[in-house]
Amino acid sequence: MSVLASPRDAAPRRAGSPRGIRHGEAVAGWLFTLPVLVILGVFLLVPVLMALWVSFSDWSGRGSPLSAGVGFVGLDNYAAVTTGGGLAERDFGVALRNNAWYVLLVVPLQTALALFLAVLVNRAVLRGRGIFRTAFYFPSVTSSVAITVLWLFLFSTSGVVNTVLARVGIAGPNWFNEPSGVLHNLLGALGVTSGPDALTQHGFLGVTWWDWLAGPSVAMSAFVVMAIFTTSGTFMLLFIAGLQNITPEVEEAAMVDGANAWQRFWRITLPQLKPTLFTVLTLGLIGCWQVFDQIYTGTQGGPGKTTLTPAYLSYQSAFLSQEWGQGAAIAFILFVIIVLLTILQRFVLRESPDVPRRTRRRRRAPSGAPASSTASTTEDAR
């Protein structure tokens, strides 16, 4: 007689079984999150869908966008700002150029400064680490409008920055009224005042390649410094959290094997900070492409539209010029740019396929076995 019971003879699953518990937890989870989902749907998803419809319509801003008088115009609003050949296309090209230089400078500089500050205040030998962390983080919790107003005073013609520069024999510029590009100014100091025909006769989005390569304007450079000053503290905290999750045994083993400080940081610390680095770069990228309140409070796109950004241009087109379709189209083009750059960034910072395999081997090593993981890690450090 077989001692194995048939599947048909198996006892029915009781209510307290793991599957029943998991099902009950899932139902309870959905019930608890339902109010938030409803709020997000009503106040986030529905407005986004309506804005998407506005970008494909000729809505004038009066009445409901879903009324019978609003017509579907297809991609006309998108074409007006990308291939229209008029002022709308040039403004969008100028805004993209300004914001591209802003992102190109702010994201790497604020990331590097935040990582440097995190490594600095994470050292056990540093006294008063809490005071330094608070001091570095304080600008991040200050209102951006207040910081912008302060920056207008600091970088005015007779402000503190120009006063300090005058003490060392440098004549400071009229920061927020100077539309010239920084790179063009440097080339002008070397005697180069115009570019070749290949750059001045051709361009993209109504802006010549020579103007694309002008660099950020002097006014935008002041905003770059402000962004680095106000955001590095927030990202510093993220890096500190990542550093505190790194076990010190591996670094100590690398020190025993003779790895210097730079080798330990480059070969051991930085690779383990990749998830944190991806988070910091992603948040920085999104924040820089969406810069608005500093421009609205400070220069409103001037001087000469050299601080104009796509986010402010979207507001200007919709609320000031009453071109609601074009304003919505600019917003969704900006959304696509952010998504594509985030995907590209994730691809660049992806983990190597053999990293999980090595990690699994280290975790499965018996407790009495030699520490091959430490040896391999320190060998990489060397």
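Look up a bit, the structure's there.
Below, the structure is looked at part by part. Because the structure is a prediction, the values reported are computed rather than measured.

Calculation criteria
Residues numbered from 1 in each chain as written. Predicted model: local features only at pLDDT ≥ 70, side-chain atom pairs only at ≥ 80, totals over all residues. Heavy atoms only, no water. Phe/Tyr/Trp six-rings, centres within 6.5 Å; stacked < 30°, edge-to-face > 60°. Buried < 20%, exposed > 50% of the residue type's maximum accessible area, 1.4 Å probe, protein only. Lys NZ or Arg CZ within 6 Å of the ring centre and 35° of its normal. Core = buried A, V, L, I, M, F, W, Y, C linked by side-chain atoms within 4.5 Å. Helix = DSSP H or I, 4+ residues; strand = E, 2+ residues; numbered from the N terminus. Patch = residues over 30% accessible without salt bridge, like charges linked within 9 Å, V, L, I, M, F, W, Y side chains within 5 Å. Areas by Shrake-Rupley, 256 points an atom, 1.4 Å probe, with all protein chains shown as cover. Salt bridge = Lys/Arg side-chain N within 4 Å of Asp/Glu carboxyl O. Axes fitted to C-alpha atoms, helices over the stretch in contact; angles between N-to-C directions. Parallel < 35°, antiparallel > 145°, perpendicular 65-115°, else oblique. Left-handed = near helix turned anticlockwise from the far one by under 90°. Contact = heavy atoms within 4.5 Å. Nonpolar A, V, L, I, M, F, W, Y, C, P; charged D, E, K, R; others polar.

Let us look at the packing of aromatic side chains. Applying the stated rule across the entire model yields 21 aromatic pairs. Where phenylalanine 292 meets tyrosine 296, the ring centres are 5.7 Å apart and the plane angle is 20 degrees; that geometry is what we call stacked. Judged by its relative accessible area of 26%, phenylalanine 292 is partly exposed. Grouped by ring-pair contacts, the aromatic residues Trp59, Phe292, Tyr296, Tyr312, Tyr315, Phe319 and Trp324 constitute a single cluster. Of note, arginine 346 hangs over the ring of phenylalanine 278, and the distance from its end group to the ring centre comes to 5.3 Å.

Here we take up the nonpolar core. By size, the foremost hydrophobic cluster in this structure holds 60 residues, and its most contacted members are Phe92, Tyr102, Phe176 and Phe239. When residues of this core are assigned to their parent elements, the largest contribution, 14 residues, is made by helix α10 (residues 218-244). Among the nonpolar cores identified, the runner-up in size contains six residues, and Trp59, Val70, Ala318 and Trp324 belong to it.

Among the surface-exposed residues, Trp30, Leu34, Leu37, Val38, Ile39, Val42 and Phe43 lie close enough to one another that they form a single nonpolar patch of about 760 Å² accessible area. Within the secondary structure layout, valine 42 lies in helix α1 (residues 18-55).

Each packed pair of helices is defined by two parameters, the angle between the axes and the distance between the axes. Two elements in contact, helix α13 (residues 274-289) and helix α16 (residues 324-348), have axes whose closest approach is 10 Å; the angle formed by their N-to-C orientations is 160 degrees. The angle between the axes of α13 and α16 places the two elements in the roughly antiparallel class. Between α13 and α16 lies a crossing of right-handed hand. Contact residues: Phe278, Leu281, Thr282, Leu285, Ile286 and Trp289 in α13; Leu334, Ile337, Ile338, Leu341, Thr342, Gln345 and Arg346 in α16.

Before going further, it helps to spend a moment on the side chain of serine 57. Counting through the fold element by element, serine 57 comes out in the loop between α1 and α2 (76-82). Assessed through its relative accessible area of 1%, serine 57 is described here as buried. When near neighbours in sequence (up to four residues on either side) are disregarded, serine 57 contacts Val70, Gly71, Phe72, Val73, Asn77 and Gly325.

Within the secondary structure layout, tryptophan 209 lies in helix α9 (residues 209-212). Overall, the relative accessible area of 35% leaves tryptophan 209 in the partly exposed class. A sequence separation of eleven residues divides tryptophan 209 from alanine 198, and the C-alpha atoms of the two residues are 8.2 Å apart. Beyond its immediate sequence surroundings of up to four residues, tryptophan 209 is in contact with Ala198, Leu199, His202, Gly203 and Phe204.

Looking now at unusual backbone geometry. Here the bond from glycine 302 into proline 303 is cis, since omega is -5 degrees, no more than 30 degrees from zero. Relative to the assigned elements, proline 303 resides in the loop between α14 (293-298) and α15 (310-320). Notably, leucine 205 is not glycine yet its phi reads approximately 55 degrees, a positive angle. Its place among the elements puts leucine 205 in the loop between β1 (203-204) and β2 (207-208). Even without a glycine there, the phi angle at glutamine 322 is positive, about 60 degrees. Examined against the element boundaries, glutamine 322 turns out to sit in the loop between α15 and α16. On the basis of relative accessibility, which here comes to 39%, the residue glutamine 322 falls in the partly exposed class.

The subject of this paragraph is the packing of helix α3 (residues 87-121) against α13. Their axes nearest at 9 Å, the elements α3 and α13 cross at an angle of 150 degrees. Taken together, α3 and α13 sit at an angle that is classed as roughly antiparallel. Every pair of crossing elements has a handedness; the one defined by α3 and α13 is right-handed. Counted together, Leu96, Asn99, Ala100, Tyr102, Val103, Val106, Val107, Gln110 and Thr111 of α3 and Leu277, Val280, Leu281, Gly284, Leu285, Cys288 and Trp289 of α13 form the full contact between these two elements. Considering only residue class, the contact of α3 with α13 consists of twelve nonpolar, four polar and no charged.

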